[in-house]
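# Structural overview for review
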Amino acid sequence: DGNFESSTEGALTGFYDDLARSRKKLLSWIIPGILTFVLLSTAFFLLHPQFYDVPLRKNLFVKAGFIMSDEQITNFPGIWEGIFDERAAVLTIDSLVGDSVHGSLSVKYKKSVTESIKGVFDFKERTLNFTDVDKNKKLDGSYKAELTENLDTLRGNFRDQNSSQRVKFEFVKQLTESDNN
């Protein structure tokens, strides 16, 4: 026949074919593994408390609306003046630590009533839910408020736990000298 086939050439061709098959099989395991590692590492970075103060993570969460910026957190506590049950009132937010809020509410009835409050602030939804700490049948109940997008007005409702009466309220953040600078 005259065609000479080298055993070396056949072995190399077989080797290259086996290598190509092995590479495809190897890549079918490596690529999903690398993607899984990247996804899990990203989730760990975004969710683990150790990374809360990392600027990249913080900026992503602020832009996504999951958390408030440091400036917003600093400016949130303070004096909020407004109307409660069609009467002059002052909501004082003393602290915002994590999502926990503490403060007081003063309403000018015939006699001024001041109650301690505590609650939870949902950053993403911009909602504040709080209750009266002092169980004395004055303003005992639940308060649900929504913070406007520019973070300067709280509007909501109070539901008295004793009478089930519902009352609307609205408070506007009072600027301090440090806010103006």
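Here the structure is shown first, and the text comes after it.
Residues numbered from 1 in each chain as written. Predicted model: local features only at pLDDT ≥ 70, side-chain atom pairs only at ≥ 80, totals over all residues. Heavy atoms only, no water.

## Notes on the overall build of the protein
- Helix and strand counts for the protein stand at 4 helices and 8 strands.
- The N-to-C order of helical and strand elements in the protein reads α-α-α-β-β-β-β-β-β-β-β-α.
- Taking 181 residues into account, the globule formula puts the C-alpha radius of gyration at 16 Å, and the protein, at 31 Å, lies well above it.
- Taken along its principal axes, the extent of the C-alpha atoms in the protein is 120 × 45 × 25 Å.
- Looking at the protein residue by residue over its 181 residues, the buried ones come to 26%.
- Taken as a whole, the protein presents about 12,800 Å² of accessible surface, with 56% of it coming from carbon and sulfur.
- For the protein, the distance from the average position of its 23 positive side-chain charges to the average position of its 26 negative side-chain charges is 8 Å. (Helix = DSSP H or I, 4+ residues; strand = E, 2+ residues; numbered from the N terminus. Rg over C-alpha atoms; globule rule 2.2 N^0.38 Å. Buried < 20%, exposed > 50% of the residue type's maximum accessible area, 1.4 Å probe, protein only. Areas by Shrake-Rupley, 256 points an atom, 1.4 Å probe, with all protein chains shown as cover. Lys, Arg positive; Asp, Glu negative; His and termini not counted. Charge placed at Lys NZ, Arg CZ, Asp CG, Glu CD.)

## So, the sheet that holds strand β7 (residues 153-160)
- In spatial order, the strands read β1-β2-β3-β4-β5-β6-β7-β8; together these 8 strands close into a barrel with antiparallel pairing. Looking at each pair of strands side by side, their axes are set apart by 30° on average, direction ignored.
- As paired strands, strand β2 (residues 87-97) and strand β3 (residues 100-108) are joined by 8 bridges and run antiparallel to one another. For L96, the partnering residue across the bridge sits in β3 and is V101. (Pairing = 2+ DSSP bridges. Axes fitted to C-alpha atoms, helices over the stretch in contact; angles between N-to-C directions.)

## Describing helix α2 (residues 55-64)
- Here α2 has its buried residues at R57, K58 and F61. All buried residues of α2 lie within an arc of 100° about the axis, which places them on one face of the element. Away from its buried face, by an angle of more than 90 degrees, α2 presents the exposed residues P55, L56 and K63.
- Note on α2: the residue one or two positions beyond its end, G65, has a positive phi of about 85°. (Arc of directions from axis to C-beta.)

## What to know about the side chain of K173
- Note that K173 resides in strand β8 (residues 166-173).
- Taking the relative accessible area as the measure of exposure, K173 reaches 11% and is therefore buried.
- Within the structure, K173 has its side chain in polar contact with the backbone oxygen of N75 (distance 3.3 Å).
- A polar side-chain atom of K173 sits 3.3 Å from the main-chain carbonyl oxygen of P77. (Polar contact = N/O pair within 3.5 Å; in protein donor to acceptor, adjacent residues only side chain to side chain.)

On their own, these measurements won't tell you what the molecule is for.
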